[in-house]
Amino acid sequence: MSQNLCVHNRDFGMTEALVRGFRTGFLKDSDYHHLTQCETLEDVKMNLAETDYDQFLADAPVVNPAVILEKATGKMVAEFKYLRAQAVEPLATFLDYITYEYMIDNVMLLLKGTLSGRDVGELIEQCHPLGLFRDSTMRSIPAFENSPKGYADLYQLVLVDTPVGPYFSQFLAESAERIGSASEVRHVLEEVELEIVKHSLMKLYLEDFAAFCQSIGGDTAEVMGEILNARADQRAINVTLNSFGTPLNEPQMRARERRRLYPSIGFLYPAGTHKLAEASDEQALGNAINWHPMYREIYSAHVNEGVDDRSIDDAFYEREVRMLELAFEGQMHFGIYYAFVKLKEQEVRNLVWISECIVQQQKDEINKFVPCFSKSAPWRS
């Protein structure tokens, strides 16, 4: 499946024009300036009415950060679904791959809620709208019976009947020598920490998505290769950092279990991830990635967090925004669709952060966000 530039505009010109039109709707520096000067969320609502968000809060009886998150996410999802409705292959499948990440998040949320006995309706409300299945499937996932038949049903519904089923099946196959009965499925789900399950599924997803992008070829393979490699490295570094002080950092677990969580793609793979697998503390982690200029700078944010109040997550967000913005500088590739979704997510995070600071009267913290397409961004100076 090679991307043919000769017919790109014929097949994908309309959707590319649409997403580039959506790009003009991102909040500008002046919009953020006005938002950070607001004293109440009603002021935020009024200022957003002057932007591309228009009257998206008009039907909200009350305005709070949770409502802003819901409505802003809903706007992004509506725009994405409109793009998906216009798409033809292979763009249609590419857009579907974007939603698989949210499907994994939703399934993990439902499974975690099931084990803690939370209300099904409450769990479904918390699911990301880009990763929703049919309502019957959503309600079946947390409603399986505590019996062999119940777990067999869970396997069929979650591991087979959803688009992300192959990732679950592969994970279970790798976690047990042989999945011979529903009780063994139950054992894996109960004994393995759900966070480890999620990391394993995301690893498989990133590897699969990267392979699909390479099969498309052209600039899509190059642009998405860079973005997905960076995401894979971020996951590997975060898995290592978060494992310190847990059983995953024990020598045998480092070599066996933690290593499995690292994607087999990325700028660090394979030499860097081999060093990460051997890292037993933060100093060893720093030594494992300091050879890469990008990660040397990012890790310094973690080391100096108490000094400049900038965390490693902030540094990763800044790096991601920079790469996603650069995707819009090229033409005739699919990376701009992925960039649009992820940059909109960042913009929603910014709105929620500003709203939370206003509600909690933490105006000193209000400017600690990463704007998208900002003319004052450090990498533009």
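Everything that follows concerns the structure shown earlier in this document.
Definitions and cut-offs
Residues numbered from 1 in each chain as written. Predicted model: local features only at pLDDT ≥ 70, side-chain atom pairs only at ≥ 80, totals over all residues. Heavy atoms only, no water. Helix = DSSP H or I, 4+ residues; strand = E, 2+ residues; numbered from the N terminus. Buried < 20%, exposed > 50% of the residue type's maximum accessible area, 1.4 Å probe, protein only. Contact = heavy atoms within 4.5 Å. Core = buried A, V, L, I, M, F, W, Y, C linked by side-chain atoms within 4.5 Å. Expected span 1.5 Å × (residues − 1).

A.B. asks: Kindly report on the overall build of the protein, identifying the contributing residues and their values.
C.D. replies: Within the protein one finds 19 helices and 0 strands. When the 381 residues of the protein are sorted by exposure, 50% land in the buried category. Counted over contacts in the protein with a minimum sequence separation of 6, partners at least 24 positions apart contribute 66%.

A.B. asks: Explain the nonpolar core residue by residue, including any values.
C.D. replies: Ranked by internal contacts, the top residues of the largest apolar core, which has 67 residues, are F94, I98, Y167, Y205, F209, Y337 and Y338. Top contributing element to this core by residue count: helix α5 (residues 91-116), with 14 residues. Each residue touching F209, except ones within four places of it in the same chain, is listed here: F94, Y97, I98, M224, L228 and Y338.

A.B. asks: Any details on helix α19 (residues 335-359)? Residues and values, ideally.
C.D. replies: A rise of 1.5 Å per residue sets the reference length of α19, with its 25 residues, at 36 Å; its end C-alpha atoms lie 36 Å apart and thus fit the reference within 8%. Burial analysis of α19 places 21 of its 25 residues in the buried class, the great majority of the element. Q361 sits one or two positions beyond α19 and adopts a positive phi of about 55 degrees.

A.B. asks: Residue-level account of the environment of E50, with values.
C.D. replies: Structurally, the position occupied by E50 is in the loop between α3 (41-48) and α4 (65-86). Judged by relative accessible area, which is 69%, E50 ranks as exposed. E50 sits 19 residues away from D31 along the chain, and the two C-alpha atoms are 8.7 Å apart.

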